[in-house]
Amino acid sequence: MSAAPTLEPVLAVAHLAKAFSGFRAVDDVSFSVSAGEIVALIGPNGAGKTTTFNMISGQLAPDAGSVRLDGRDVTGASPRDLWRLRVARTFQITATFASMTVAENVAVALISVDGDLARLSPLDAGLRERALNHIGEVGMREAADRLCGTLAYGDVKRVELAMALVNDPRLLLMDEPTAGMAPKERAALMGLVAKIARERRSAILFTEHDMDTVFANADRILVMNRGKLIASGTPAEVRADPHVRDVYLGHAPAPAAVAAREHGT
């Protein structure tokens, strides 16, 4: 019997490096993310997470190393080119148009895929229906005609996620997706993200400072410190790693979400 073929990861980062004025912000970082996998990238402030994220998303060119998407070298590709290759990103500070409705915001994202600006004003019926479908995915259909500027912060985060989903991303990058959200909002949003990963087989990489959110939702956790990747593993493995506890997690009890999951509650 022949061995099963080895599948390429959706995202493969190899020996990535970036320095600013001689300071090594990212130093020889390598990891991968597979289809349907949710991976968290964590570490203390200044660890190099954002620089790594920005090199993957095309906002910074690496000094060394490579970024591959489904086996294709996309090192240094622009955010626009990566968007067309089905890489989507959400930001810590939401990037929606406050003076436009929810439907119009999602329609703008759809137009960026289709390239037909004439359909925005007035909003083309077919385009609106597609926008409503994506809005429905994130549970915001009833708010389709509300201005984004009038929404609660957690709902704006959902709109931004709907905008990211319009190109059916192979890779979804989420920078601090639950920042500024209440605990129930965090759980609801990350539940949506898990559903997307399962149903669309999207690879998801996210940064996050809330450790309950990380340990409750990540399949695997990558830990950075001083520009280097110091640990990688399941939530249980990372939580038990003495090096990680020394530099980041401390020696406090396990996050509540992990403790509850381990005890079956």
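Worth saying up front: this structure is predicted, and the values here are computed from it rather than measured.

Reading the values: rules and limits
Residues numbered from 1 in each chain as written. Predicted model: local features only at pLDDT ≥ 70, side-chain atom pairs only at ≥ 80, totals over all residues. Heavy atoms only, no water. Pairing = 2+ DSSP bridges. Helix = DSSP H or I, 4+ residues; strand = E, 2+ residues; numbered from the N terminus. Axes fitted to C-alpha atoms, helices over the stretch in contact; angles between N-to-C directions. pLDDT = per-residue confidence, 0-100. Contact = heavy atoms within 4.5 Å. Expected span 1.5 Å × (residues − 1). Buried < 20%, exposed > 50% of the residue type's maximum accessible area, 1.4 Å probe, protein only. Parallel < 35°, antiparallel > 145°, perpendicular 65-115°, else oblique. Left-handed = near helix turned anticlockwise from the far one by under 90°.

What to know about the sheet that holds strand β9 (residues 220-225)
Item 1. Taken together, six strands build an open sheet; the order of strands is β6-β7-β8-β3-β9-β10 and the sheet is mixed. Sheet topology places β6 (87-90) and β10 (228-233) at the edges, where each strand pairs with a single neighbour. The sheet shows a mean angle of 20° between the axes of neighbouring strands, direction not considered.
Item 2. Bridging between β6 and strand β7 (residues 171-175) involves four bridges; their strand directions are parallel. When the bridges of β7 are listed, Arg 89 appears paired with Leu 173.

What about the confidence of the model for the chain?
Item 1. Per-residue pLDDT for the chain has a mean of 86; in total, 87% of the residues score no lower than 70.
Item 2. Mean pLDDT values for the elements of the chain range from 43 in helix α10 (residues 256-262) up to 97 in strand β4 (residues 64-69).
Item 3. Low pLDDT (under 50) marks residues 252-265, which in the prediction has 17 contacts with non-local residues, meaning those over four places away or in another chain.

Thoughts on helix α3 (residues 102-114)
Item 1. Given a rise of 1.5 Å per residue, 13 residues ought to cover 18 Å, and the 18 Å separating the end C-alpha atoms of α3 matches this to within 8%.
Item 2. If you check which residues of α3 are buried, you get Val 102, Ala 103, Asn 105, Val 106, Ala 107, Ala 109, Leu 110 and Ile 111.
Item 3. The inward-facing, buried residues of α3 abut α2 (79-84), α4 (125-137) and α5 (153-165).

Quick notes on the packing of α5 against helix α6 (residues 183-200)
Item 1. The geometry of α5 relative to α6 is characterised by a closest axis approach of 10 Å and an angle of 15° between their N-to-C directions. When the interaxial angle is binned, α5 and α6 end up roughly parallel. Taken as a pair, α5 and α6 cross one another with a handedness that is right-handed. Between α5 and α6, the residues in contact are Gly 154, Arg 158, Leu 161 and Leu 165 and Glu 185, Ala 188, Leu 189, Leu 192, Ile 196 and Arg 200, respectively.

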